[in-house]
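Descriptive analysis of the structure
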Protein chains: 2
Amino acid sequence: MTAPLERKRHASVHTLERGRVRRLEIIEAATELFGSAGYRGTGLAGIAAQVGVTQAGLLHHFGSKEKLLEAVVAHRSEQDAALIDEIIGTGGLGMFDRLHLLARHNTKRAGLSQLFTVLVAENLLPEHPAHDFFLDRYRTLRSALVTALKDGRKRGEIRKDVDLKAVSRRIVAGLDGLQTQWLLDPDEVDLIEGYKELGASFKRELRA
Amino acid sequence: MTAPLERKRHASVHTLERGRVRRLEIIEAATELFGSAGYRGTGLAGIAAQVGVTQAGLLHHFGSKEKLLEAVVAHRSEQDAALIDEIIGTGGLGMFDRLHLLARHNTKRAGLSQLFTVLVAENLLPEHPAHDFFLDRYRTLRSALVTALKDGRKRGEIRKDVDLKAVSRRIVAGLDGLQTQWLLDPDEVDLIEGYKELGASFKRELRA
DNA sequence: CCACACTTGCCTTCTGATCGGTAGGTAGGT
DNA sequence: ACCTACCTACCGATCAGAAGGCAAGTGTGG
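The following paragraphs examine the structure supplied in this document. Computed from a predicted structure; not experimentally measured. (Residues numbered from 1 in each chain as written. Chains lettered and ligands numbered in written order. Predicted model: local features only at pLDDT ≥ 70, side-chain atom pairs only at ≥ 80, totals over all residues. Heavy atoms only, no water.)

Time to look at the environment of A:T90. All names here are of chain A. With respect to the secondary-structure elements, T90 resides in the loop between helix 4 (65–88) and helix 5 (99–108). With 59 residues separating them in the primary sequence, T90 and L149 have C-alpha atoms 9.7 Å apart. Not counting chain neighbours up to four residues away, the residues in contact with T90 comprise D151 and R155. (Helix = DSSP H or I, 4+ residues; strand = E, 2+ residues; numbered from the N terminus. Contact = heavy atoms within 4.5 Å.)

On to the environment of A:R169, then. Within the fold, A:R169 resides in helix 8 (residues 164–184). In this structure A:R169 comes out as buried when scored by relative accessible area, which is 13%. Sequence-distant contacts of A:R169, defined by excluding residues within four places in its chain, comprise A:R142, B:L178, B:Q181, B:E188, B:V189 and B:E197. (Buried < 20%, exposed > 50% of the residue type's maximum accessible area, 1.4 Å probe, protein only.)

What follows deals with the pattern of salt bridges. All told, the structure shown has 22 salt bridges over all chains when counted by the stated rule. Here A:R76 and A:D80 are joined by a salt bridge, their closest N and O atoms 2.2 Å apart. Placement of the pair is A:R76 and A:D80 together in helix 4, with a separation of four residues, close to one helical turn. Judged by its relative accessible area of 5%, A:R76 is buried. For B:D80, the salt bridge goes to B:R137, with nearest N and O atoms at 3.2 Å. Of this pair, B:D80 sits in helix 4 (residues 65–88) while B:R137 sits in helix 7 (residues 131–154); the two residues are 57 residues apart in sequence, bridging distant segments of the chain. Judged by its relative accessible area of 26%, B:R137 is partly exposed. Because the salt bridges share partners, they merge into one network encompassing A:R76, A:D80 and A:R137. (Salt bridge = Lys/Arg side-chain N within 4 Å of Asp/Glu carboxyl O.)

To continue, consider the interface of chain A and chain B. Taken together, the 42 residues of chain A in the interface contact 42 residues of chain B. Overall, the association of chain A and chain B removes approximately 3,600 Å² of surface from exposure, summing both partners, and the carbon and sulfur fraction of that is 58%. Ranking the residues of chain A by area buried against chain B places A:L124, A:Q181 and A:L184 at the top, with a combined share of 20%. One can count six salt bridges joining chain A with chain B. One salt bridge in this structure joins B:R142 and A:D185, with 3.2 Å as the shortest N-O distance. Where chain A touches chain B, the interface holds 20 residue pairs in polar contact (both at pLDDT 80 or more). Secondary structure elements with two or more residues in the side of chain A that touches chain B: helix 1 (15–37), helix 6 (110–122), helix 7 (131–154), helix 8 and helix 9 (191–206) of chain A. For the side of chain A that touches chain B, the leading source of residues is helix 8 of chain A, giving 13 residues. (Buried area = accessible area lost by both parts, 1.4 Å probe. Polar contact = N/O pair within 3.5 Å; in protein donor to acceptor, adjacent residues only side chain to side chain.)

Here it is, written out as structure tokens:
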């Protein structure tokens, strides 16, 4: 195993940009591997190999495995935020008709959905490295939902006798749980169909 | 660290029974550690140390780490089956009033709930060691729910225009998802309350 | 009733692989 | 000259697991 590891793949490019590109390549490889084998089950060597770099070369960019995890998670999170905003939109019941956007996004890149499912489970306890990130993520998501539902209530779309915090927890639970079943058993569980039914059910429940 | 490791703790007991007891001790320790650090994040040495046995002593009983995982999962599964039966009972809407049994069971031993949440995530892909187990578990659970709901429909408790398979997926998703949120954030999410609301919501949706 | 073979429990010791991470160097662009 | 990228080489720790032995309980034939 003394493969010469072709050098200077980016020879003609600015040094600075080469670094940025490498970082992205590493993040993408790490996303894929963390998603399928989990954070703990993935070695730096494996990620490095996939990028075509040594393990030390990888650490040159990210310093430690945990920093790499943070980078992966932050990278993914940015992309998510926009989508969430688009779905929740101006609030009210309309968002339940836009869940197909989320479904399409998730099915298109199943590896990313899997990454999050795995990482949440790996970080349930406070001492785990990304626990606080996910804690915050869920709280933020639930409170965004509460706000959106309140909006809908103000406009008279949504009944006044429902506990919006409780409903938000159940919405998130339903989305999460369906995704898990779909990831585990894509032949039996159709995510798009599942989200559609879930949205319809909440609309019936909440409609004024 | 040359602690003499007190021998013959079970000196006066039949050899056969000592083995059975040890196995159980190991399964319990493994359950706890797999639950908090995951399968991949837990070393045999850690489990062995907690039981007060060497790593080799542990492998004497289970042969390999993967066999130990199977034993842990099977052990837990037996206990579950009874509870599931008790809740689903004779079918129909009544089961939604019995979800507090599940909630109590889960909250009483949070480590066990966590074990399953972590293991499911670690076994989403077909090549993972316990993938088939969880695939089967979810399919069985959903089909048990379908049967129970059909029963309720036959007795006229449940409306005839609902897709029972879809509802079953959503019930499982809701339970699972709420559990995850509770494990991650027990201060903000009350599992017992959550299950109660979930059950009430499904009853409203399904009632004939 | 007892000697001997066998089984079971569990030990110590070891192995090769892999883990995350450090140190120090070189090449090339700025 | 200095910075960035990335290398080789190495570190100690930990991983799952195999090998082989000793001690104690168990079943069996004499």
